[in-house]
Structures are given as structure tokens and as C-alpha cells.
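Residue-level structure breakdown
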Amino acid sequence: MSGVAAYVGPDVVTVAEVDARERELRAGGREHALPRPGTSEARQLRRWLTQVLVTERVVAASDGADGAVPTEAELLPDAVARMEMGSVAAATLADPHGRAVFAAVTADVGISDDEVTAFHARNPDRFARAQAVAGGWRRAATSPDLEDVRADIAAHLLAAARRRQYRRWLDARCAELVTLADGFEHPGDPRQPDNTHRH
């Protein structure tokens, strides 16, 4: 079928959908930051947009958790969390259904006391808090006792473990369900002609 960018199981993602997503992105006020149409970088952008579209389809077809859905800020509180997740997987969490799927997929993830203790031993100052002193200055904090930061460490490790679990699940589901058409390969696929990632 002409005009096909990808298949997600029997579902088709059309080139027209990729075109529409690119137009939407270019109309978003950041045109100066996007590559000029027709360039190698613009083709890579279209490949990335295809990844977003197919991943959204995979998530949309998946069951989410019942009950309260976490906010995007709860799941991706900072730039580090977004980088851990990856831009495509992070994009799925903008939608409430995507966050419900995240909650369902990661519901059984847990952290052991041994993991918390080991993290504190490796990073004794990670959750140290500076002390305020006269004149608005702050004094360097001393390393906190494990019991004082146990809950902070556990929350930090659990959030990271949940992001890893979701990403692994999403990668596996996409590998199982997605077939990309020529010209719409993953941007990092070394077999496609616009891949320029080198070490």
C-alpha cells in the first residue's frame, strides 16, 4: 500500500499522518529550531515523528490502570528523568491514557531495603540539605544518616526503576507490533542513509 509509513499490528500509520504531525510541529512557534525541509536532518525528524506516532498507537491499544492517574510532572519531574525515559517514550506520558498504561505496566515494580542501603553507601551526600545561617548564607550540609533519607532514596530509586520498566515494556511491544516502511526507519538505525551517529 502506497502512502504507508508504518504498521502497528494490522493498523496503518500513513505518510499523511506523519506529514500532519510535522506541520503541527512546525506551526508550534519553534520553526527556527527545526531543520529545513528536504535536508537529511529533516528526514531524521520525520523518522522520529514516525516513532512517536507508532509508539502512541502501541500505548493507545494497551490497557491502563484503573483509579488515579499520575501527572506527567510526577512521572517526569526533571530533565534527567526525561533523558532516562527517552524522548519518544516520554511523549507518551503527555496523555492521561499513556500515564494510566505506565501505572499498569509498573504497578509491580519494587525496591528492596538492600538497594536503598547500597545507594546511600555509594552516594552519602545525595540527599544532604544545606543549613541556613545568618545573613542569608548556607552552610554545607553534613552527610545525612540513612534513616533520615531512607524515604527520599526509596522514592528516587522506585521512580527510576518504574521508568526503566516502562521503557523496556514499550520497546518490547514496539518490536513485537511495529513494522516501519522504507524511508521511515528508526533515526538511529545504521542501515538507513541519513544516520550520522558516529563514535
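Here, the structure is the one placed above.
Predicted model only: the values in this text are computed from it and were never measured.

When helices and strands are counted, the protein shows 8 helices and 5 strands. Of the regular secondary structure in the protein, the N- to C-terminal order runs β-β-α-α-α-α-α-α-α-β-β-α-β. Radius of gyration (C-alpha) of the protein: 21 Å, far over the 16 Å computed for a compact globule of 199 residues. Each of the three principal axes of the protein carries a C-alpha extent, and together these read 65 × 40 × 35 Å. For the protein, the residues scored as buried account for 34% of the 199 residues in total. Counted over contacts in the protein with a minimum sequence separation of 6, partners at least 24 positions apart contribute 70%.

Inspection of every chain in the model, using the stated rule, returns 15 salt bridges. Between Arg 21 and Glu 56 there is a salt bridge, and its shortest N-O distance comes to 2.8 Å. Here Arg 21, found in helix α1 (residues 15–26), pairs with Glu 56, found in helix α2 (residues 40–60); they are 35 residues apart in sequence, far enough to count as distant. Exposure remark for Glu 56: the relative accessible area of 28% places this residue in the partly exposed category.

With that out of the way, let us pick up the environment of Leu 170. Inspection of the secondary structure assignment puts Leu 170 in helix α8 (residues 146–177). Apart from residues no more than four positions distant in its own chain, Leu 170 is found in contact with Thr 55, Val 58, Val 59, Ala 89 and Thr 92.

Relative to the elements of secondary structure, Arg 99 occurs in helix α6 (residues 96–105). One buried charged residue, Arg 99, forms no salt bridge at all, with the nearest opposite charge on Glu 72 at 4.8 Å. Separated by 2.7 Å, the side chain of Arg 99 and the backbone oxygen of Pro 70 make a polar contact.

Analysis parameters
Counting of residues starts from 1 at the beginning of each chain's written sequence and follows it residue by residue. Restriction of local features to residues with pLDDT of at least 70 applies here, the model being predicted, together with a cutoff of 80 or more for giving and counting side-chain atom pairs; totals for whole chains, interfaces and linings are based on all residues. With hydrogens and water excluded, all non-hydrogen atoms of the structure serve as input to the side-chain values. By the criteria applied, helices consist of DSSP H or I runs no shorter than four residues and strands consist of E runs no shorter than two, each listed in order from the N terminus. With C-alpha atoms as the basis for the radius of gyration, the globule rule is written as 2.2 Å multiplied by the number of residues raised to the power 0.38. Three labels apply to residues, based on accessible area from a 1.4 Å probe with only protein chains included: buried if under 20% of the type maximum, exposed if over 50%, partly exposed otherwise in between. Residue contacts are defined here by distance: any two heavy atoms, one from each residue, within 4.5 Å place the two residues in contact. Counted as salt bridges are all cases of a side-chain nitrogen of Lys or Arg within 4 Å of a carboxyl oxygen of Asp or Glu. In this tally, Asp and Glu contribute negative charge and Lys and Arg positive charge; neither His nor the terminal groups of the chain are included. In the analysis that follows, any N or O atom pair within 3.5 Å is treated as a polar contact, provided that within protein one partner can donate a hydrogen and the other can accept it, and provided that, for residues neighboring in sequence, both atoms belong to side chains.

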